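# Per-entry structural report
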Amino acid sequence: MAKPLALVTWSLTAAMTVLLSALLPSSGLAAGKTGRVKAAETLLPTDYIAGAWWLYKSVFVENGRVIDRSNGNVSHSEGQGYGMLIAVAADDREAFDALWAWTRENLQVRGDALSAWRWSPDTAIPVADMNNASDGDLLIAWALSRAATRWREPALAVEARRILKDLTAKATVKDASYGTLLLPAAQGFSGSAEQPGIVVNLSYWVFPAIEELGLIEPSFPADDLVASGKALLEKGRFGSSHLPADWLSLRGDHPQPAPAFAATFGYEAVRVPLYTAWSGGAPLSLLTGVQQRWNENGANVMHVMDLATATAMTAMSDPGYRAVSALLSCGLDKAGQASSMPPFEPTEYYPSTLHLLSIIAISERYASCLPSQN
């Protein structure tokens, strides 16, 4: 595989012209009907997203499958949802159709509209576990809904509603203390002898998706889920920096780090500031502790944090995680200054995906943080 482009700058002017003219004329992305790349002064955030998506899919997407190359080349419903969502933002209908077709054929194999969470290329049975991942289903439905609007395809919205109805029926529960909750999956998280009490993952509350999807399917409890997510975000922060835990147990009067998982802020919870900053109504002010920890000593590097001891563990130094920090800082500061969004270069599947999502979120929610195009 060809080595990805070594440097892509965040500038929406001269550097974007170089990027697009070097990479995109033959693909038609960011080009007019004549195939010529747009002049620098007319470039928009969507052009940057299209260019970054071109790089991303050249590394991580093959035949409609988003590949986690650092994890045995597996694919997940989460990754398919992310890929479909970014393809819509980049106005790449061909890639979206391929991703959706692969997802339908290989993951929607449960007998309902939900997707099996994992597909492995190196096993006799690629889908060994039929359980779903609720964030993956949310992301797929969100991508379908946005695609229906962008490309005027009502049938895609019908598919999104099918997913939402099954997700509501099989992976939401009403709790007397916390309200309507999104279970991480249809099976395994509602309490058992081995794991008493409901266990949730706050990073599965994809706030902007929940908010938008509530507009297309009345039976989907969007308002209730947003409310419970806000409550968990307020009550489920721990340690001196008030960081959210990767996994929460709701047994007892207050949320606690789930005993079956490491008591950390880590690779799960790092998505909480992304989804909260992307939201129209989630309480971003509750994440000032995350921002302070990120910016500690001026390093702009978050670590996996032991919540019991406030000990920094593994550094999350990839540019993709720093992109989430840039988005969070923009949302909290609201000063209109240019964002510190790092340049996009594909590294590993997960942080590269968060990087692209952060770019989309900042372009949709915080245009004042984008560099001036004048």
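Please read all numbers here as calculations on a predicted model, not as lab measurements.

Time to look at the confidence of the model for the protein chain. When pLDDT is averaged along the protein chain, the result is 85; 83% of the residues meet or exceed 70. In this model residues 1-42 is a low-confidence stretch, pLDDT under 50, and it forms 71 contacts with partners more than four residues away in sequence or in other chains.

Moving on to the state of the cysteines. Per the stated rule, a full pass over the model turns up one disulfide. Across the disulfide, C330 is cross-linked to C369 (sulfur-sulfur distance 1.7 Å). An S-S torsion of about 100° defines the bridge between C330 and C369 as right-handed. Of this pair, C330 sits in helix α11 (residues 319-333) while C369 sits in the segment after α12 (349-365), and the two are 39 residues apart along the sequence.

Moving on to the side chain of D318. With respect to the element layout, D318 can be found in the loop between β14 (311-316) and α11. As a buried residue without a salt bridge, D318 has its nearest oppositely charged side chain in R322, at a separation of 7.0 Å. Within polar-contact distance, the side chain of D318 engages the backbone nitrogen of G320 at 2.8 Å.

It is worth spelling out the nonpolar core at this point. Core analysis: the biggest nonpolar cluster contains 112 residues, and W53, F96, W205 and F265 have the highest contact counts within it. Counting five residues, the second largest nonpolar core, distinct from the first, contains L107, A116, W119 and V127.

Take the pattern of salt bridges next. By the definition in use, this model includes 13 salt bridges. The salt bridge involving E78 is made with R271; its shortest N-O contact spans 3.1 Å. Of the two residues, E78 sits in helix α3 (residues 77-89) while R271 sits in helix α9 (residues 271-278), which places them 193 residues apart along the sequence. An identical accessibility class is assigned to E78 and R271; each is buried. A salt bridge links D112 to R110; the shortest N-O distance between them is 2.9 Å. Among the residues examined, D112 registers a relative accessible area of 12% and is labelled buried. Residues participating in the shared-partner salt-bridge network are E78, D135, E268 and R271.

Our focus in this paragraph is the sheet that holds strand β7 (residues 199-200). Pairing in this open sheet of three strands is antiparallel, and the strands run β7-β10-β11 from one edge to the other. Edge positions in the sheet fall to β7 and β11 (256-257), since each of these pairs with one other strand and no more. Looking at chain direction, strand β10 (residues 248-249) and β11 are connected through two bridges and run antiparallel. Directly across from L248, in β11, lies its bridge partner P257.

With that settled, consider the layout of surface pockets. Of the voids in this model, the largest pocket is the one considered here, and its volume is about 550 Å³. Around the largest pocket sit 27 residues that line it, and H76, E78, W117, Y204 and E268 are the ones nearest its centre. Elements represented by at least two residues in the lining of the largest pocket include exactly α3 and α12. Tallying contributions element by element places α12 first for the lining of the largest pocket, with three residues. Class assignment of the residues belonging to the lining of the largest pocket gives a composition of twelve nonpolar, six polar and nine charged.

Along its 16 residues, helix α2 (residues 45-60) runs 22 Å from first to last C-alpha, staying within 8% of the 22 Å computed at 1.5 Å per residue. Taking burial as the measure, the 16 residues of α2 include twelve buried ones, the bulk of the element.

Turning our eyes to something else, we now look at empty space enclosed by the protein. Taken as a whole and judged by the stated rule, the model has one cavity of 30 Å³ or more. One number sums up the size of the largest cavity: a volume of about 40 Å³. Lining the largest cavity are F238, G239, S240, S241, L243, R293, M305, D306, L307 and A310. Residues that form the lining of the largest cavity fall into these classes: five nonpolar, three polar and two charged.

What counts and what doesn't
- Residues numbered from 1 in each chain as written.
- Predicted model: local features only at pLDDT ≥ 70, side-chain atom pairs only at ≥ 80, totals over all residues.
- Heavy atoms only, no water.
- pLDDT = per-residue confidence, 0-100.
- Contact = heavy atoms within 4.5 Å.
- Disulfide = S-S within 2.5 Å.
- Helix = DSSP H or I, 4+ residues; strand = E, 2+ residues; numbered from the N terminus.
- Buried < 20%, exposed > 50% of the residue type's maximum accessible area, 1.4 Å probe, protein only.
- Lys, Arg positive; Asp, Glu negative; His and termini not counted.
- Salt bridge = Lys/Arg side-chain N within 4 Å of Asp/Glu carboxyl O.
- Polar contact = N/O pair within 3.5 Å; in protein donor to acceptor, adjacent residues only side chain to side chain.
- Core = buried A, V, L, I, M, F, W, Y, C linked by side-chain atoms within 4.5 Å.
- Pairing = 2+ DSSP bridges.
- 1 Å grid on protein atoms, 1.4 Å probe; cavity = no way out; pocket = protein on both sides within 12 Å on 5 of 7 lines; lining within 4 Å.
- Points joined across faces, edges and corners; volume = space filled by probe spheres on them.
- Nonpolar A, V, L, I, M, F, W, Y, C, P; charged D, E, K, R; others polar.
- Expected span 1.5 Å × (residues − 1).

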